[in-house]
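Examining the three-dimensional arrangement
One-letter residues, chain by chain:
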Amino acid sequence: MKILIIYGTIEGQTRKIARFMEEVLQEAGHQVTISNAMEEPPAPSNFDAVVVGSSIHMHKYNNATKQYIMDHVEALNGIPSAFFSVSMAVASNIPEEHEEAEKISKDFLEQTGWQTSTVWQIAGALRYTQYDYFKKLIMRMIAKKQGGATDTGKDHEYTDWGKVKTTILGFINDIG
């Protein structure tokens, strides 16, 4: 299959997840094109399936990702597609955090008109070493509330790579 992966990222975890999906799909024999939503990604019309991912920051997704979806919503609604949402809320042990992440995704899809029924919530990473002083304090406070890592001297990754692999292969097998 010819598969397109589009991603929007701030600190790089969504890109890392998209690249991992690319590797998994290529190992399974698929032809994969991957593109950052900010870099003139190709239209979905020449692909058998499209996977789009974005991270949540301040309860919003990446603007370039949103614009890509809105520009190509008709094509996306006409082929198998999936959306993966990356956030620290998924790593939280607080059920309301999971519910909020799902609500943000649902609202986003309604705003864009994209009618995919395949939405994956994926835990991201705390990139303390990339944050400025104030963002580091805020993220540490949020992490503490959610039961996450508060050591700001290093980064902390929460992505379940085994689950990502199983999920992307399951999606492709279901549509293939």
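About the cut-offs
- Residues numbered from 1 in each chain as written.
- Predicted model: local features only at pLDDT ≥ 70, side-chain atom pairs only at ≥ 80, totals over all residues.
- Heavy atoms only, no water.
- Pairing = 2+ DSSP bridges.
- Helix = DSSP H or I, 4+ residues; strand = E, 2+ residues; numbered from the N terminus.
- Right-handed = clockwise from strand over helix to strand, strands pointing away.
- Patch = residues over 30% accessible without salt bridge, like charges linked within 9 Å, V, L, I, M, F, W, Y side chains within 5 Å.
- Areas by Shrake-Rupley, 256 points an atom, 1.4 Å probe, with all protein chains shown as cover.
- Salt bridge = Lys/Arg side-chain N within 4 Å of Asp/Glu carboxyl O.
- Buried < 20%, exposed > 50% of the residue type's maximum accessible area, 1.4 Å probe, protein only.
- Axes fitted to C-alpha atoms, helices over the stretch in contact; angles between N-to-C directions.
- Parallel < 35°, antiparallel > 145°, perpendicular 65-115°, else oblique.
- Left-handed = near helix turned anticlockwise from the far one by under 90°.
- Contact = heavy atoms within 4.5 Å.
- Nonpolar A, V, L, I, M, F, W, Y, C, P; charged D, E, K, R; others polar.
- Phe/Tyr/Trp six-rings, centres within 6.5 Å; stacked < 30°, edge-to-face > 60°.
- Polar contact = N/O pair within 3.5 Å; in protein donor to acceptor, adjacent residues only side chain to side chain.

Observations regarding the pairing of strand β2 (residues 31–36)
Where strand β1 (residues 2–8) lies against β2, six bridges are found, and the strand directions are parallel. Across the sheet, the residue bridging to Leu4 is Thr33, located in β2. On the question of chirality, the crossover connecting β1 to the parallel β2 by way of helix α1 (residues 13–27) is right-handed.

Concerning a nonpolar patch on the surface
Judged by side-chain polarity, Tyr133, Phe134 and Leu137 come together as a nonpolar surface patch covering roughly 380 Å² of accessible area. Note on placement: Phe134 falls in helix α5 (residues 133–146). With relative accessibility at 61%, the residue Phe134 sits in the exposed group.

Brief notes about the packing of α1 against helix α6 (residues 161–175)
Put simply, α1 and α6 touch, their axes get as near as 10 Å, and they point 55° apart. Comparing the axis directions of α1 and α6 gives the class oblique. Seen from above, α1 lies across α6 with right-handed handedness. Where α1 abuts α6, its residues Gln13, Lys16, Ile17, Phe20, Met21, Val24 and Leu25 lie against Trp161, Val164, Lys165, Ile168, Leu169 and Ile172. When its residues are assigned to classes, the contact of α1 with α6 shows ten nonpolar, one polar and two charged.

A look at the packing of helix α2 (residues 63–71) against helix α4 (residues 95–112)
At a minimum axis separation of 9 Å, α2 and α4 run at an interaxial angle of 45°. Classified by the interaxial angle, the pair formed by α2 and α4 is oblique. On α4, the residues that touch Lys66, Ile69 and Met70 of α2 are Phe108, Gln111 and Thr112.

Here's the deal with the packing of aromatic side chains
Overall, the coordinates contain eight aromatic pairs when judged by the stated rule. Judged by centre distance (5.1 Å) and plane angle (75°), the rings of Tyr61 and Phe83 are edge-to-face. Of the two residues, Tyr61 sits in strand β4 (residues 60–61) while Phe83 sits in strand β5 (residues 81–87), which places them 22 residues apart along the sequence. For Tyr61, a relative accessible area of 7% corresponds to the buried category. Ring centres 5.6 Å apart and planes at 80° place the aromatic pair Trp120 and Phe171 in the edge-to-face group. Here the residue Trp120 occupies a position in strand β6 (residues 119–123), and Phe171 occupies one in helix α6, the gap between them amounting to 51 residues. Each of the two residues, Trp120 as well as Phe171, counts as buried.

Quick notes on the side chain of His30
Within the secondary structure, His30 is located in the loop between α1 and β2. Reaching out from His30, the side chain makes a polar contact with the backbone nitrogen of Met1 at a distance of 3.3 Å. His30 has contacts with Met1, Ile3, Leu25 and Ile172, leaving out every residue within four places of it along the chain.

Here's the deal with the pattern of salt bridges
Note that side chains of opposite charge can pair when their charged atoms are close. The full count for this structure, using the stated rule, is six salt bridges. As a salt-bridge pair, Lys103 and Asp107 come within 2.7 Å of each other at their nearest N and O atoms. One end of the pair is Lys103 and the other is Asp107, both in helix α4 and four residues apart, which spans about a single turn. Overall, Lys103 belongs to the partly exposed group, its relative accessible area being 46%.

Some details on the pairing of β6
The buried fraction of β6 is high, at four of five residues. With five bridges connecting them, β5 and β6 associate as parallel partners. Within β6, the residue paired with Phe84 across the bridge is Trp120. Taken together, β5, α4 and β6 form a β-α-β motif whose crossover is right-handed.

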